[in-house]
Amino acid sequence: QVQLAESGGGLVQAGGSLRLGCAASGRPFSSLGMGWFRQAPGKGRQFVASIRQSGDNTDYADSVKGRFTISRDNAKNTVYLQMNSLKPEDTAVYYCAARTTIAGLYNFWGQGTQVTVSS
């Protein structure tokens, strides 16, 4: 099993920045592909960003490209999501996810952290 704990959510004005963190435990962190997803009220869960085990390959949703950056620190067992130039439409619960394969389904999920962007 893998346990994931998100942190860093909160309330920010449009144009501001936040950094989310997700600490993983239960398996060697370097063996986990990591991702961030979000779910806005009344909407389905949406992919935001992903990073492979080695950290040398990242992917982003078009809606966040150029504004969000995913990174990982394997020494700290933590993945980060730096969010800049935030917009009200970025308001959602953000979830950290982990997978044990290169490109398969995400097996493990965190509890989520609320991000609210005011206009």
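Residues numbered from 1 in each chain as written. Predicted model: local features only at pLDDT ≥ 70, side-chain atom pairs only at ≥ 80, totals over all residues. Heavy atoms only, no water.

## A look at the overall build of the protein
Here is step 1 of the chain: Within the protein, the regular secondary structure consists of zero helices and 11 strands.
Here is step 2 of the chain: Overall size of the protein, expressed as C-alpha extent along the three principal axes, is 40 × 25 × 25 Å.
Here is step 3 of the chain: Burial status across the protein gives 43% buried among its 119 residues.
Here is step 4 of the chain: Accessible surface, the protein as shown: approximately 6000 Å² in total, 47% of it carbon and sulfur.
Here is step 5 of the chain: In the protein, 12 positive and 7 negative side-chain charges are present, and the distance between their average locations comes to 3 Å. (Helix = DSSP H or I, 4+ residues; strand = E, 2+ residues; numbered from the N terminus. Buried < 20%, exposed > 50% of the residue type's maximum accessible area, 1.4 Å probe, protein only. Areas by Shrake-Rupley, 256 points an atom, 1.4 Å probe, with all protein chains shown as cover. Lys, Arg positive; Asp, Glu negative; His and termini not counted. Charge placed at Lys NZ, Arg CZ, Asp CG, Glu CD.)

## Focus: the nonpolar core
What tends to happen in soluble globular proteins is that the nonpolar side chains get buried as a cluster.
Here is step 1 of the chain: Core analysis: the biggest nonpolar cluster contains 30 residues, and Leu4, Met34, Trp36, Val79, Leu81, Met83 and Tyr94 have the highest contact counts within it.
Here is step 2 of the chain: Elements represented by at least two residues in this core include exactly strand S3 (18-25), strand S4 (33-39), strand S5 (46-51), strand S7 (68-73), strand S8 (78-83), strand S9 (92-99) and strand S11 (113-118).
Here is step 3 of the chain: What Val79 contacts, discounting residues up to four positions off in sequence, is Leu20, Gly21, Cys22, Phe29, Met34, Trp36, Ile51, Ile70, Ser71, Arg72 and Cys96. (Core = buried A, V, L, I, M, F, W, Y, C linked by side-chain atoms within 4.5 Å. Contact = heavy atoms within 4.5 Å.)

## Examining the side chain of Arg67
Here is step 1 of the chain: As for its position among the elements, Arg67 is in the loop between strand S6 (58-60) and S7.
Here is step 2 of the chain: Polar side-chain contacts of Arg67 include one of 3.0 Å to the backbone oxygen of Ser85. (Polar contact = N/O pair within 3.5 Å; in protein donor to acceptor, adjacent residues only side chain to side chain.)

## Thoughts on the pattern of salt bridges
Where side chains of opposite charge bring their charged atoms close, a pairing between them can arise.
Here is step 1 of the chain: As enumerated under the stated definition, the model contains three salt bridges in all.
Here is step 2 of the chain: Measuring nitrogen to oxygen at the nearest pair gives 2.9 Å for the salt bridge that ties Arg38 to Asp90. Remark: Asp90 occurs in the loop between S8 and S9 and Arg38 occurs in strand S4; sequence separation between them is 52 residues. Considered together, Arg38 and Asp90 belong to a single accessibility category, that of buried residues.
Here is step 3 of the chain: Across the pair Asp90 and Arg67 runs a salt bridge, and its minimum N-O distance is 2.7 Å. You can see Asp90 sitting in the loop between S8 and S9 and its partner Arg67 sitting in the loop between S6 and S7, a full 23 residues away along the chain. Accessibility assignment for this pair places Asp90 and Arg67 in one class, buried. (Salt bridge = Lys/Arg side-chain N within 4 Å of Asp/Glu carboxyl O.)

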